[in-house]
Structure formats: structure tokens, C-alpha cells
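Structure assessment
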Amino acid sequence: MTDGPTPPYLVTVGEVLAVLAAPEPGPLTRGTTLRLGIAGAEANVAIGVSRLGGSAAWIGRVSDDELGELTLRELRAEGVTTDAARDPAPTSLLLKQQRTSTHVRTRYYRTRTAGSRLCPQDIPEDLVAGAAVLHLTGITPALGEGPAQAVRRAVDIASAAGVRISLDVNYRSLLWDEDTARTTLLPLVRKADLVFAGAYEARLMVPEGPGRDDPGRLAKSICALGPGGAVIKLGDAGALALLDGTEYRQPAVPVRVHDTVGAGDAFAAGYLAELLAGEPPERRLRTAALLGAFAAGTTGDWEGLPRRAELALRDHHDDNVR
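Residues numbered from 1 in each chain as written. Predicted model: local features only at pLDDT ≥ 70, side-chain atom pairs only at ≥ 80, totals over all residues. Heavy atoms only, no water.

**A short note on unusual backbone geometry**
Residue Pro8 is bonded to the preceding Pro7 through a cis peptide linkage, with omega at -5 degrees. Secondary-structure assignment places Pro8 in the segment before β1 (9–13). The residue Arg112 is not glycine, and still its phi comes out positive at about 55 degrees. Relative to the assigned elements, Arg112 resides in the loop between β7 (103–109) and α3 (125–129). Non-glycine residue Asn170 carries a positive phi angle of around 45 degrees. Locating Asn170 in the fold gives a position in the loop between β9 (164–168) and α5 (178–191). The exposure class of Asn170 is buried, given its relative accessible area of 7%. (Helix = DSSP H or I, 4+ residues; strand = E, 2+ residues; numbered from the N terminus. Buried < 20%, exposed > 50% of the residue type's maximum accessible area, 1.4 Å probe, protein only.)

What follows is the structure in C-alpha cells.
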């Protein structure tokens, strides 16, 4: 592990993938140039928090190949503390194609890779127990029984230590079906203090009951399962949050959309960075919306995320030059 994070810090558990992305719209054909990078929902959040001046750590398993080295190098360069087990299995791969100027296609190759071999023994108790927030997503438990057990181990440590638990449902239909996802994620939702979900994901967690098209009712249904807070992400309609019984609404920040991949992770990063900083709910949601706009208006999952001094740029979205 690199030098430890500075309290109060956020810790995440997950998988990082190597990304091959076409920089220009169009089909993937012979001679197409591909840009190499990294991505992963939990790592995206850790980077977003770090760029806003927060302290963040990432726990995972990486390959002992060049792509594993790239993963650790990029995370450390972004100020994220890493605690990674090394593995001879290959690095997971994401192939990203911008088929048209408004449509992005993604394809994942993550079977029998280092990230899918994460296990409970990879979770350092002291690092998790010392955190202010443990942030998880529904992607990691979908990678296999080992990763699912690792996530449960992290939750058990955090719960015992009084660490706040944040969960982004982040349902991926390519990884598992709805019933399996619900069965696996509901125990995590019940132990979480804060849940992020899109409207569809919220309905997945609470499939029955009245008002399933009403974000306010969805948030109440999520909180009824145990969490003290629920944030329902509504895309270009903004977000609705129910926090300790009080409802908040946050409009979306206007942006010319370039690539929406990673916008949900950016939203969570903005919210959690302000939570670590002790800011009130209104400020947390405003910064979350700003980071979501930055992610949607730039290329890459995290590369376009702002430093704190840059947050005001989105308040001047009508300016061409600043």
C-alpha cells in the first residue's frame, strides 16, 4: 500500500479496467486509433473526491502486467491511496466506441480477470475501519462470489467500526439478471447509510408498492429498508434526495452532452466529497450536479472531472472563452 490516506477519508472497493476508446465518432474498422486509459466505477469516485481536495483510498486486485502497473500509476498520480493485491490473471478490458456524436457503445471483457478474483482476504481491516465513508457499487458483487464476499467483508468491518456506508446500486444487465441483483444487493441496501440509484434501479430494489413512478415515493421506499438517506438520480431532470426525513430537489446543470459514461460516478463523487468536507445537503447536491455535468460534457469516465477551483466554470456555461 502507498502512504495511508489523511482522515477523514473515503475508501472504495472494486475493479479497475483498462479502456481502449476511439477518440472520434464512427465504426471500429481497420486503422482506427484507440486511446488507452483506465476506468472503474469505484475508482472514478475516488478520483473525483481527490480532485476536489478530499482524501480517498481504493482497494482492489490488479494484474501483474503492464496494464496493472498503469492502473496503480494513474490512481496514485490522482492522489488516491491504493491497496491492491497483485494477480497473474489479466486485466479487465473495456472497449468504448463513439458510434455517432450522440451514441456511445461499450463492450466489456472481464471473465477470469484479476478484478474478478477479488476476495475477502484482500480487504485490509484497518483501512476500512479508519474511514469516514465506505463507498460501494452494485458492480463489484456482480463479478462473482469472491468479489461479493469481499464487499460483504468490507461492509461488516465498516458497520462494526461505525463507518458511514454509501452504496450506488449501479445495476448492469450484462453482468446479472434483475432477480439475482435484487437478492444480492438488498442486504447491502439495508446496511447502507446512503443509497444512490436511478429511478429504474430504485424500482429494482422496491419492486412493489404504490407510486413507483414518483421519485419522492421511491426515495421513501428505499429509506424504509434502512438507509437514512436516498438520492434518486433523474438524468436531465436533476435529482431528488431524501436525507434524514427531509426532501431536497436539485435541478440538472445545463451542458452540451458529449459522453454520459461516468456521469453517475461523478455525481456520487461530488456529493461524497462535500459530505467529507462537512457541507450541508444543498451544497452536496449542487456539487454532485456540477460534477455530473463536467463528466457528461467531456471525454472519458473521469479525465474531465474538475479541481475545486474549476467548479465555477459550469456556472458560466454560456461563455465560450474564460
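Don't stop here, the text continues.
**Topic: the packing of helix α8 (residues 263–276) against helix α9 (residues 281–296)**
With their axes 7 Å apart at the nearest point, α8 and α9 run at an angle of 150 degrees to one another. With respect to α9, the element α8 is oriented roughly antiparallel. Judged by the sense of rotation from one axis to the other, the crossing of α8 with α9 is right-handed. Across the interface between the two elements, Ala263, Ala266, Phe267, Ala269, Gly270, Tyr271, Glu274 and Leu275 of α8 pack against Arg283, Arg284, Leu285, Thr287, Ala288, Ala289, Leu291, Gly292 and Ala295 of α9. Each residue belonging to the contact of α8 with α9 can be placed in one class, and the counts come to 11 nonpolar, 3 polar and 3 charged. (Axes fitted to C-alpha atoms, helices over the stretch in contact; angles between N-to-C directions. Parallel < 35°, antiparallel > 145°, perpendicular 65-115°, else oblique. Left-handed = near helix turned anticlockwise from the far one by under 90°. Contact = heavy atoms within 4.5 Å. Nonpolar A, V, L, I, M, F, W, Y, C, P; charged D, E, K, R; others polar.)

**Describing helix α2 (residues 66–77)**
Helix length check: α2, at 12 residues, gives a terminal C-alpha distance of 16 Å against a target of 16 Å (1.5 Å per residue), a fit within 8%. Listed in full, the buried residues belonging to α2 are Gly68, Leu70, Thr71, Leu72 and Leu75. The elements touched by buried residues of α2 are β3 (35–39), α1 (41–51), β4 (55–63) and β5 (81–87). Structurally, the start of α2 carries an N-cap: the backbone nitrogen of Leu67 is 3.1 Å from a side-chain oxygen of Asp65. Residue Gly79 follows α2 closely and has a positive phi angle near 85 degrees. (Expected span 1.5 Å × (residues − 1). Polar contact = N/O pair within 3.5 Å; in protein donor to acceptor, adjacent residues only side chain to side chain.)

**What about the sheet that holds β7?**
Strand order in this open sheet of 4 strands is β3-β2-β6-β7, and the pairing throughout is mixed. The sheet is open, and its two edges are formed by β3 and β7, each paired on a single side. Ignoring which end each strand starts from, the neighbouring axes of this sheet average 25 degrees apart. Examined bridge by bridge, strand β2 (residues 17–21) and strand β6 (residues 93–100) share 4 bridges and lie parallel to one another. Within β6, the residue paired with Ala18 across the bridge is Leu93. Against the sheet, α2 makes contact with β2 and β3, and its axis sits at roughly 65 degrees relative to β3, the strand it touches most. (Pairing = 2+ DSSP bridges.)

**Concerning the sheet that holds β9**
Spatial ordering of the open sheet is given by β5-β4-β1-β8-β9-β10-β11-β12-β13, a layout of 9 strands whose pairing is mixed. Bordering the open sheet on either side are β5 and β13 (246–250), each of which pairs with just one other strand. Mean inter-strand twist for the sheet, computed between neighbouring axes without regard to direction, equals 15 degrees. Taken together, the 5 bridges between strand β11 (residues 229–233) and strand β12 (residues 239–243) define a ladder with antiparallel strand orientation. Pairing of Ile232 across the sheet is with Leu240, part of β12. Strands in contact with helix α7 (residues 215–224) are β10 (194–198), β11, β12 and β13; relative to β11, the strand with the most contacts, it is inclined by about 145 degrees. Taken strand by strand, α8 contacts β1, β4, β8 (133–137), β9, β10, β11 and β12, and its axis lies near 155 degrees from that of β10.

**Comments concerning the environment of Asp301**
For Asp301, the location among the structural elements is in the segment after α9. In this structure Asp301 comes out as buried when scored by relative accessible area, which is 11%. Apart from residues lying up to four places away in sequence, Asp301 is in contact with Ala39, Asn44, Lys96, Val261 and Gly262. Side chain to side chain, Asp301 and Lys96 meet in a polar contact 3.3 Å long.

**Let's talk about the side chain of Glu274**
As for its placement among the helices and strands, Glu274 is situated in helix α8. Reaching out from Glu274, the side chain makes a polar contact with the side chain of Thr287 at a distance of 2.6 Å. In this view, Glu274 contacts Glu279, Arg283, Arg284, Thr287 and Arg308; residues no more than four positions away in its chain are not counted.

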